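Fold and contact review
Here are the chains, one letter per residue:
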Amino acid sequence: MKKHYIALWALLAATFAFFAVASAFDSPSIGGHKFKSSGIADALFAVPEPEPCEIPAIGDSATATATRPAFPAPLDTAAQTILFIGDSMLEGLGPRLAAYAEKNGHTLYTVIWYSSTSEVWGQSDKLAHYMDMVKPTYVFVCLGANELFVSDIANKRRGYVRKIISDIDTVPYVWIGPPNWKPDTGINDLVAENASEGSFFLSNGMHFDRSKDGAHPTRSSAALWLDSVARWMPQHCAHPIRMERPDKASGKARRIFVHQPNER
């Protein structure tokens with residue numbers, strides 16, 4: 001009698017197992033009945049899908065904004081060692097920057113290379129030499145007046161402009177664009193495209209009183225030119241420094257280095 005019960009329970013267990021398996025997966029009709037999946041298999045064997053994540057596209061505006069300097073940038077109130085390099089335009093700009101340096105506790109070193117261009121500086125090791133000698137914490141550059149009318153300038157001078165910026169390295173700088181007296185062939189655009197944001201001051205379009213050669217601003221006009229750079233810096237410069245307007249019209253640099261056109 002006991003064997004009959006064991007056989008009955010075994011039959012019931014086998015029947016239950018059959019229907020459980022059949023209900024776990026969609027099966028064909030059996031005896032006119034269609035078995036539907038109970039979802040058991042899906043629950044037991046499903047692989048969870050990964051959480052969706054947002055990957056910013058290249059050039060995404062949020063990413064680009066994060067890498068761009070914020071304006072106005074914080075004012076650096078520390079005393080600076082300033083290196084000012086360029087062409088003969090420094091004859092007018094240099095004394096006025098020296099007055100700013102004296103007023104604000106900075107030390108100024110000026111390097112005038114007459115008739116120089118981005119090509120002349122870019123082919124030379126002079127900037128690297130002065131960077132090493134002076135060890136400036138800030139650099140001003142004024143170049144481009146002797147390159148206003150160079151044809152195909154983007155291709156001819158791009159490498160030299162980049163070399164100058166590379167020699168400046170990580171030191172904050174402002175490149176003062178030339179005081180155009182006629183439309184240029186692209187020197188301003190070239191420097192603007194290669195200078196870091198907030199490091200190029202566009203002088204083209206400003207009014208200048210000119211000396212007899214028709215190109216150089218007069219001393220008083222050059223002083224106003226430098227004043228314009230100083231007013232521009234707090235709101236538009238990537239690294240503004242103390243540039244409180246001086247009472248004196250001009251000052252003296254700690255040292256002035258002069259190079260002639262034929263030097264290399």
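Residues numbered from 1 in each chain as written. Predicted model: local features only at pLDDT ≥ 70, side-chain atom pairs only at ≥ 80, totals over all residues. Heavy atoms only, no water.

**A few points about the packing of aromatic side chains**
In this structure the tally under the stated criterion is seven aromatic pairs. Centroid distance tyrosine 138 to phenylalanine 140: 5.4 Å. Interplanar angle 45°. Geometry classified as tilted. Judged by its relative accessible area of 0%, tyrosine 138 is buried. Note on phenylalanine 208 and tryptophan 225: the rings are 5.2 Å apart at their centroids and 75° apart in plane angle, and the pair reads as edge-to-face. You can see phenylalanine 208 sitting in the loop between strand S5 (200–201) and helix H9 (219–236) and its partner tryptophan 225 sitting in helix H9, a full 17 residues away along the chain. Look at phenylalanine 208 and you get buried, because its relative accessible area is 7%. (Phe/Tyr/Trp six-rings, centres within 6.5 Å; stacked < 30°, edge-to-face > 60°. Buried < 20%, exposed > 50% of the residue type's maximum accessible area, 1.4 Å probe, protein only. Helix = DSSP H or I, 4+ residues; strand = E, 2+ residues; numbered from the N terminus.)

**Looking at the confidence of the model for the protein chain**
Overall, the predicted model of the protein chain reaches an average pLDDT of 85, with 75% of residues at or above 70. Confidence drops under a pLDDT of 50 for residues 23–31, and excluding neighbours within four residues, the segment shows 21 contacts in the predicted structure. (pLDDT = per-residue confidence, 0-100. Contact = heavy atoms within 4.5 Å.)

**Observations concerning the side chain of serine 116**
Looking at where serine 116 falls in the secondary structure, it is placed in the loop between strand S2 (107–113) and helix H5 (118–123). Here serine 116 is in contact with Gly86, Asp87, Trp121, Leu143 and Asn146, once residues within four sequence places are set aside.

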